[in-house]
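# Geometric and topological summary
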Amino acid sequence: MNTQILLVQNPETSDNALRMSEVLQRFLEKHQGDEVRLRDLFNEMENRAFASTLLICALPEALPLPIAGISALVAMPLMLVSGQLVLGFQKPWLPDWVLDQPFKQEYSQQIISGVIPFLEKLECFFEPRWSLFTSPEAERCVGVILLSLGLIIALPIPFGNMLPAIIIVLICLGLIEKDGLIIAISSIVAGITPALLLLIL
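First things first, this report covers the structure right here in the doc. (Residues numbered from 1 in each chain as written. Predicted model: local features only at pLDDT ≥ 70, side-chain atom pairs only at ≥ 80, totals over all residues. Heavy atoms only, no water.)

### Some points on the side chain of Ser-186
Take Ser-186: it is sitting in helix 9 (residues 180-200). Excluding its chain neighbours within four sequence positions, the residues that come into contact with Ser-186 are Ile-167, Leu-170 and Ile-171. (Helix = DSSP H or I, 4+ residues; strand = E, 2+ residues; numbered from the N terminus. Contact = heavy atoms within 4.5 Å.)

### Remarks on helix 8 (residues 162-177)
Across its 16 residues, helix 8 extends 22 Å between first and last C-alpha, which sits within 8% of the 22 Å expected from 1.5 Å per residue. Burial runs high along helix 8: 12 of the 16 residues are buried. (Expected span 1.5 Å × (residues − 1). Buried < 20%, exposed > 50% of the residue type's maximum accessible area, 1.4 Å probe, protein only.)

### Overview of the state of the cysteines
Under the definition given, this model contains zero disulfides. The thiol sulfur of Cys-57 is not disulfide-bonded, and the nearest other cysteine sulfur, from Cys-172, lies at 9.1 Å. The class of Cys-57 is buried, set by a relative accessible area of 9%. Relative accessible area serves as the criterion here: at 0%, Cys-172 is assigned to the buried category. (Disulfide = S-S within 2.5 Å.)

### Thoughts on the pattern of salt bridges
All told, the structure shown has four salt bridges when counted by the stated rule. One salt bridge in this structure joins Arg-39 and Asp-96, with 3.4 Å as the shortest N-O distance. Here Arg-39, found in helix 2 (residues 38-45), pairs with Asp-96, found in helix 5 (residues 96-99); they are 57 residues apart in sequence, far enough to count as distant. Note that Arg-129 and Asp-179 form a salt bridge whose closest N and O atoms lie 2.8 Å from each other. You can see Arg-129 sitting in the loop between helix 6 (105-123) and helix 7 (136-154) and its partner Asp-179 sitting in the loop between helix 8 and helix 9, a full 50 residues away along the chain. Using a relative accessible area of 0% as the deciding quantity, one classes Asp-179 as buried. (Salt bridge = Lys/Arg side-chain N within 4 Å of Asp/Glu carboxyl O.)

### Overview of the side chain of Asp-96
The class of Asp-96 is buried, set by a relative accessible area of 14%. One polar contact links Asp-96 to Arg-39, side chain to side chain, over a distance of 3.4 Å. (Polar contact = N/O pair within 3.5 Å; in protein donor to acceptor, adjacent residues only side chain to side chain.)

### Notes on the packing of helix 7 against helix 8
At a minimum axis separation of 9 Å, helix 7 and helix 8 run at an interaxial angle of 155°. Looking at the two axes, helix 7 sits roughly antiparallel to helix 8. Classified by chirality, the crossing of helix 8 by helix 7 is left-handed. Here helix 7 contributes Glu-139, Val-142, Ile-145, Leu-146, Leu-149, Gly-150, Ile-152 and Ile-153 to the contact with helix 8, which in turn contributes Pro-164, Ala-165, Ile-167, Ile-168, Ile-171 and Leu-175. Here the residues of the contact of helix 7 with helix 8 are counted per class, giving 12 nonpolar, one polar and one charged. (Axes fitted to C-alpha atoms, helices over the stretch in contact; angles between N-to-C directions. Parallel < 35°, antiparallel > 145°, perpendicular 65-115°, else oblique. Left-handed = near helix turned anticlockwise from the far one by under 90°. Nonpolar A, V, L, I, M, F, W, Y, C, P; charged D, E, K, R; others polar.)

Laid out in structure tokens, this is it:
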């Protein structure tokens, strides 16, 4: 049985006019059942595959959400998907057991409802610019940065998860919104993140 399931099934139906906050709001409106799965959420992202997948994985660490022991859970897909970006994969994939993990709709709604206002505030600062940093070649370089940040999140560093997760969110929004300036600034901050984390150890 093939466990390498593409996260995005129908790229031809994508609607890039929607911002991520709007996509998540649409997801809440469409999924009112007892349970939701990551597969449902990722399919909603359509052809924003890599950036949206990494964004969703990083958000629980970037915000003070009430999720215990989430670091190990999000670090694995962060490193796996960013590694695929570095290697030049066309679309990301995750194993079936990750994609089909059920979450109670009430719990998912609470988390996503908390994420949407955060994204809406951030999205005000994003606009298409500095296209050099959003080219396919640049995205593979950015993937190296995302992979490094995912590794930092996986490490047992007290209070060391939020900063790299926030940087991942900013970089991914930059990729989605084609904002090379934000990507460049975030990448510079990512470069000094290990030094900043050493200060709190």
